Amino acid sequence: MADSKPRILRYGMAAVAEAAARITAGEPVAVPTETVYGLAADATNAQAVARIYAAKGRPSFNPLIVHVADLAAAEALAVFDADARLLAERFWPGPLTLVLPLRVGAPIASLVTAGLTTVALRVPRHRAMQAVLAASGRPLAAPSANASNGISPTRAEHVAASLGTRIGLILDDGATDAGLESTILAGRTLLRPGPIGIGALPWPVKRREEHATVTAPGQLTTHYAPTKPLRLNALAAEDDEWLIGFGAIRGNESLSTRGDVVEAAAGLFDALHRADAGPASRIAVAPIPSDGVGEAINDRLTRAAHR
Ligand code: AMP
Ligand code: MG
């Protein structure tokens, strides 16, 4: 993370080149889209994605929207059915996000999907985001570029005021058009209303009930949690436990042997999946300090433990 003031560069070749260089080096960069300014990081790099959370100070992990250059790039990452292809052809590039099954082997960091087997994809229209996608050649995970609980930024100055020294570069291309986050669809269910109204869609959609509980496989779920019992703040493994370590507590594997919460966040969902698939019948996790992105790790672990 940057510790001096962020550079604010006006949109142009130099700004795009610098944004792409920082992104390929694993740094998040603020980039405008037609909805709001996004804090964009390489979606294939778990540590880069963890730095989004660190910069925003988000107290929990939500799956992030992945921005790609075009439908072909999207189809390399997710499986499209006929409905999804129709929507993509009609509304992309534009402020519509589709939640789709992640293609097996797609190089998206599990922190991006918060461990889910679905991925939220969007092809943005904005020239700055399109230019950064082209120059970096990476799919870009990008939530709004504001500190957690802040208002979504529609100008570079809003980003600077909210994230200040926590990021190194803001690409400034003036005010965004929509000023409203993208419409999100999962199949024919509306997960979030947005600039594309449901009346414009080719068929009726149902609204997602708030806090809907998952009752059957295949139903919508916003968060991955392991199926095995999970014990927190474990100092040592008990009988038939797979211990996920941190710092001095080594365990069967470690989220970060050097006790770095950003590294731990980057590997959290992969570690949970391995533990879930592994030979032990229960999972234990070493204590994680709640500083910085550690708060989001503990939020996720606490929810997974109390299911
Ligand atoms: P933001 O990045 O802050 O604009 O928020 C992204 C939104 O997309 C959140 O409401 C997420 O819950 C939702 N989202 C992203 N990926 C998925 C997914 N795989 N399944 C369901 N919802 C998703
Ligand atoms: Mg936001």
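Residues numbered from 1 in each chain as written. Chains lettered and ligands numbered in written order. Predicted model: local features only at pLDDT ≥ 70, side-chain atom pairs only at ≥ 80, totals over all residues. Heavy atoms only, no water.

Novice: Any chance you could explain the site of ligand 1 here in plain terms?
Specialist: The full set close to ligand 1 counts 13 residues, and Arg-58, Thr-118, Ala-120, Ile-184 and Arg-192 are the nearest of them. Between an oxygen atom of ligand 1 and a side-chain N or O atom of Arg-58, the distance comes to 2.9 Å. Taking Arg-192, its side chain carries an N or O atom lying 3.1 Å from an oxygen atom of ligand 1. Protein chains bury 84% of the 500 Å² of accessible surface belonging to ligand 1 in isolation. Counting only elements with at least two residues in the shell around ligand 1, the list comes to strand S6 (118-122) and strand S10 (189-192). Among the elements that make up the shell around ligand 1, the one with the highest residue count is S6 (3 residues). Here the shell around ligand 1 is composed, by residue class, of 9 nonpolar, 2 polar and 2 charged. (Near = heavy atom within 4 Å. Polar contact = N/O pair within 3.5 Å; in protein donor to acceptor, adjacent residues only side chain to side chain. Areas by Shrake-Rupley, 256 points an atom, 1.4 Å probe, with all protein chains shown as cover. Helix = DSSP H or I, 4+ residues; strand = E, 2+ residues; numbered from the N terminus. Nonpolar A, V, L, I, M, F, W, Y, C, P; charged D, E, K, R; others polar.)

Novice: Hey, could you run me through the nonpolar core in this one?
Specialist: Grouped burial of nonpolar side chains is what soluble globular proteins tend to show. With 83 residues, the main nonpolar core has Phe-61, Val-66, Phe-80, Trp-92, Leu-98, Val-112 and Leu-121 as its most contacted residues. Looking at this core element by element, the count peaks at 10 residues for helix H7 (residues 261-277). Not counting residues up to four positions away in its chain, the partners in contact with Trp-92 are Leu-71, Ala-74, Phe-80, Leu-87, Leu-98, Leu-121, Arg-122 and Val-123. Core analysis: the next-biggest nonpolar cluster, separate from the first, contains 17 residues, Leu-9, Met-129, Val-132 and Leu-140 among them. (Core = buried A, V, L, I, M, F, W, Y, C linked by side-chain atoms within 4.5 Å. Buried < 20%, exposed > 50% of the residue type's maximum accessible area, 1.4 Å probe, protein only. Contact = heavy atoms within 4.5 Å.)

The quantities given are spatial measurements derived from coordinates; they are silent on function.
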